[in-house]
Amino acid sequence: METTIPTALHDDFAPDGRVRGNPLLDDLDVRLGHIRPGECTLTLDLGARHLNRSGSLQGGVSATLLDAACGYAGLMTGADTPLSQGVTVMLSVCYLGRASNGRVHATGRVVRSGRSIFFCAGELLSDTGDVIATAQGSFKRITHIPQETSQ
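Residues numbered from 1 in each chain as written. Predicted model: local features only at pLDDT ≥ 70, side-chain atom pairs only at ≥ 80, totals over all residues. Heavy atoms only, no water.

Caption draft 1: Summary view of helix 2 (residues 59-75). Taking 1.5 Å per residue as the helical rise, helix 2 with its 17 residues ought to reach 24 Å, and the 24 Å between its terminal C-alpha atoms agrees with that figure. For helix 2, a buried count of 14 out of 17 residues is recorded, marking the element as mostly surrounded by other parts of the structure. (Helix = DSSP H or I, 4+ residues; strand = E, 2+ residues; numbered from the N terminus. Expected span 1.5 Å × (residues − 1). Buried < 20%, exposed > 50% of the residue type's maximum accessible area, 1.4 Å probe, protein only.)

Caption draft 2: Spotlight on the UniProt feature "domain: Thioesterase" (unreviewed entry) in the chain. Following the UniProt record, the feature "domain: Thioesterase" (unreviewed entry) maps to residues 55-132 here. Overall, residues 55-132 shows 22% helix and 44% strand. The separation of its end C-alpha atoms is 14 Å. (UniProt positions renumbered as here; feature names shortened; annotations may be inferred.)

Caption draft 3: Region of the structure containing the packing of aromatic side chains. In this structure the tally under the stated criterion is 2 aromatic pairs. With a centroid separation of 5.3 Å and 15° between ring planes, the pair formed by Phe118 and Phe139 is classed as stacked. With a gap of 21 residues between them, Phe118 in strand 5 (residues 117-126) and Phe139 in strand 6 (residues 131-142) connect regions that are remote in the sequence. Phe139 shares its class with Phe118; the two are buried. (Phe/Tyr/Trp six-rings, centres within 6.5 Å; stacked < 30°, edge-to-face > 60°.)

Caption draft 4: Examining the layout of surface pockets more closely. Taken as a whole, the largest pocket encloses approximately 460 Å³ of empty space. If you go around the largest pocket, you meet 23 residues; those closest to its centre are Asn22, Tyr72, Leu75, Gln85 and Gly86. Breaking the lining of the largest pocket down by element, the ones donating at least two residues are helix 1 (23-28), helix 2, strand 3 (85-95) and strand 6. Sorting elements by how many residues they give to the lining of the largest pocket places helix 2 first, with 6 residues. For the lining of the largest pocket, the residue count by class is 11 nonpolar, 8 polar and 4 charged. (1 Å grid on protein atoms, 1.4 Å probe; cavity = no way out; pocket = protein on both sides within 12 Å on 5 of 7 lines; lining within 4 Å. Points joined across faces, edges and corners; volume = space filled by probe spheres on them. Nonpolar A, V, L, I, M, F, W, Y, C, P; charged D, E, K, R; others polar.)

Caption draft 5: Region of interest: the environment of Ile5. Locating Ile5 in the fold gives a position in the segment before helix 1. The buried category is assigned to Ile5, whose relative accessible area is 11%. Look past the residues within four positions of Ile5 in its chain and what remains in contact with it is His10, Phe13, Ala14 and Leu32. (Contact = heavy atoms within 4.5 Å.)

Caption draft 6: Spatial organisation of the nonpolar core. If you look at the biggest cluster of nonpolar residues, it comprises 35 residues, and the most contacted ones within it are Phe13, Ile35, Tyr72, Val104 and Leu124. If you list the elements that add at least two residues to this core, you get helix 1, strand 1 (31-36), strand 2 (39-45), helix 2, strand 4 (103-113), strand 5 and strand 6. Take this core: its biggest share by element is 9 residues, from helix 2. Not counting residues within four places of it along the chain, the set of residues in contact with Tyr72 comprises Phe13, Val19, Asn22, Leu25, Ile35, Cys40, Leu42 and Leu83. (Core = buried A, V, L, I, M, F, W, Y, C linked by side-chain atoms within 4.5 Å.)

Shown next as structure tokens:
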């Protein structure tokens, strides 16, 4: 799947849509569908490693997709601006359906944004448009990532 990656985001996304700099998303094989200021869609082709014991998309994978799509939506502040850094402050997920194969699409949209805090709504859909999960969250843009210290 090829997607157009804005030049300012070449450090964040590979030409094939792979997410750079996020080992978990890369390991899950999450791909960028599209991104613009205030909106991001990530896609995932489901495989056995994404499923729970019942053969359905694992809830943690759903939450991860929604969290990342919402976060990236608010971290892109301009079409020619690199992504800022951020952290999730709160994420609430409602699981409404299930998927066990095909491709899923997680879309995050900024609902409101301040100087450092932004609020998003997200939805996870199957290829057929069925709603699998929805999310609401608050996120904080940060200017630096604190380094962990050993105790």
